[in-house]
Amino acid sequence: IPTRIFADPKEASKSVAKEIADLIRQKQKEGKNCVLGLATGSSPKTVYAELVRMHKEEGLSFKNVISFNLDEYYPMEPDAIQSYWRFMREQLFDHVDIPKENYFIPLGTLPQNAIAEFCNSYEAKIDALGGLDFQLLGIGGNGHIGFNEPGSLANSRTRLMMLDHSTRAAAIGDFGGELIKVPKKAITLGVSKILQAKRVVLLAWGERKAEVIAQAVEGRVTEHLPASYLQQHNNCLFVVDMAAATELK
Ligand code: F6R
């Protein structure tokens, strides 16, 4: 997997934001929508901050952007502090001119028996728009992408997933330090939709990601490390800082 190593997350994020902005502008020129797959978590915050800056200072418009977020905890109220709906509004959507009806995030309030249909229609919406032009990813310490935990197959669809213990433990700080309060499940875009994106960029910052980055880039392709499936994507880039690159050969 091609990997670019930057001195720090800020420089790296500027480069990724520029790629996204260039794509949005190119699609605008062509009179087309730009279909983005977006991630939450700590890694993309600096990318969203740079996109907001470009909107405010450089007039970058999001009017032609249609976005699909990777995942949401289940259950989760959209206005809860930990919800990915709230995260996306606070980090990006409330600060740019994306129309409200243009962004989609899995709903953490669906009744159990409505989840399968919701997941099917989420994928159908993406397909109807011609697929994702660009997918932004983070990576879990266990190699998850979206919330496709180890064991997820390359052809997995959008679905309700049981979260790994390590994933829940990593989120504990957002839930008042109480593991019991971290949801046990999440709705996630499947691996197959991620792999169908025309371009994939994965972000990883810090020493805690060094080992999993080396495994994903240099190890074998295995369901035990879903990020390794990205070796099979023909237009994927890993963007890492120095600390996350230390285990690479
Ligand atoms: C979030 C997501 C997750 C995170 C991953 C890394 O939408 O899909 O896969 O990208 O858990 O999280 P951070 O960036 O907080 O280290």
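A quick note: this is a predicted structure, and the numbers were derived from the prediction, not measured.

## Remarks on the overall build of the protein chain
Okay, step 1: Counting its regular elements, the protein chain contains 7 helices and 10 strands.
Okay, step 2: At 17 Å, the protein chain has a C-alpha radius of gyration in line with the 18 Å of a compact globule built from 249 residues.
Okay, step 3: Referenced to the eigenvectors of the C-alpha coordinate spread, the extents of the protein chain come out at roughly 45 × 45 × 35 Å.
Okay, step 4: Burial status across the protein chain gives 42% buried among its 249 residues.
Okay, step 5: By sequence separation, contacts in the protein chain at least 24 residues apart represent 79% of the contacts at least 6 residues apart.

## Some words on the UniProt feature "domain: Glucosamine/galactosamine-6-phosphate isomerase" (unreviewed entry) in the protein chain
Okay, step 1: Within the UniProt annotation, "domain: Glucosamine/galactosamine-6-phosphate isomerase" (unreviewed entry) is assigned to residues 8-235.
Okay, step 2: In residues 8-235, helix accounts for 34% and strand for 14%; the two terminal C-alpha atoms are 23 Å from one another.

## Some points on the pairing of strand β3 (residues 65-69)
Okay, step 1: Judged by how many residues are buried, β3 sits mostly within the fold: 5 of 5 residues are covered.
Okay, step 2: Covered by surrounding structure in β3 are V65, S67 and N69 together with I66 and F68, the residues of both alternating faces.
Okay, step 3: Traced from strand β2 (residues 34-38) through helix α2 (residues 45-58) to β3, the parallel crossover comes out right-handed.
Okay, step 4: In this structure, β3 lies alongside strand β5 (residues 103-104), joined through 2 bridges in parallel fashion. The residue bridging F68 from the neighbouring strand is F104, located in β5.

## Some thoughts on the confidence of the model for the protein chain
The predicted structure's coordinates, where accompanied by low pLDDT, should not be read in detail.
Okay, step 1: Across the protein chain, the average pLDDT comes to 98, with 100% of residues at 70 or higher.
Okay, step 2: Interface confidence for the predicted complex, given as ipTM, is 0.99, next to a pTM of 0.98.

## Section: helix α3 (residues 84-91)
Okay, step 1: Taken as a whole, α3 has its buried residues at Y84, W85, F87, M88 and Q91. Down the axis of α3, the smallest arc covering the buried residues is 165°, so these residues share one side.
Okay, step 2: Buried positions along α3 lie against β2, α2, β3 and β4 (71-74).

## Remarks on the site of the ligand
Okay, step 1: Residues in contact with the ligand amount to 14 residues; listed here are only the nearest, T40, G41, S42, S43 and G138.
Okay, step 2: Partitioned by chemical class, the residues of the shell around the ligand number 5 nonpolar, 8 polar and 1 charged.

## Here we look at the sheet that holds strand β9 (residues 200-204)
Okay, step 1: Taken in spatial order, the 7 strands line up as β1-β10-β9-β6-β2-β3-β5 in an open sheet, and their pairing is parallel. Each end of this open sheet is capped by a strand with a single partner; those strands are β1 (3-6) and β5.
Okay, step 2: Relative to β9, strand β6 (residues 134-137) runs parallel, the two sharing 3 bridges. If you follow Q135 over to β9, its bridge partner there is V200.

Rules of the game
Residues numbered from 1 in each chain as written. Predicted model: local features only at pLDDT ≥ 70, side-chain atom pairs only at ≥ 80, totals over all residues. Helix = DSSP H or I, 4+ residues; strand = E, 2+ residues; numbered from the N terminus. Rg over C-alpha atoms; globule rule 2.2 N^0.38 Å. Buried ≥ 20, exposed ≤ 12 C-beta atoms within 10 Å, placed from the backbone. Contact = placed C-beta atoms within 7 Å. UniProt positions renumbered as here; feature names shortened; annotations may be inferred. Right-handed = clockwise from strand over helix to strand, strands pointing away. Pairing = 2+ DSSP bridges. pLDDT = per-residue confidence, 0-100. Arc of directions from axis to C-beta. Near = placed C-beta within 6 Å. Nonpolar A, V, L, I, M, F, W, Y, C, P; charged D, E, K, R; others polar.

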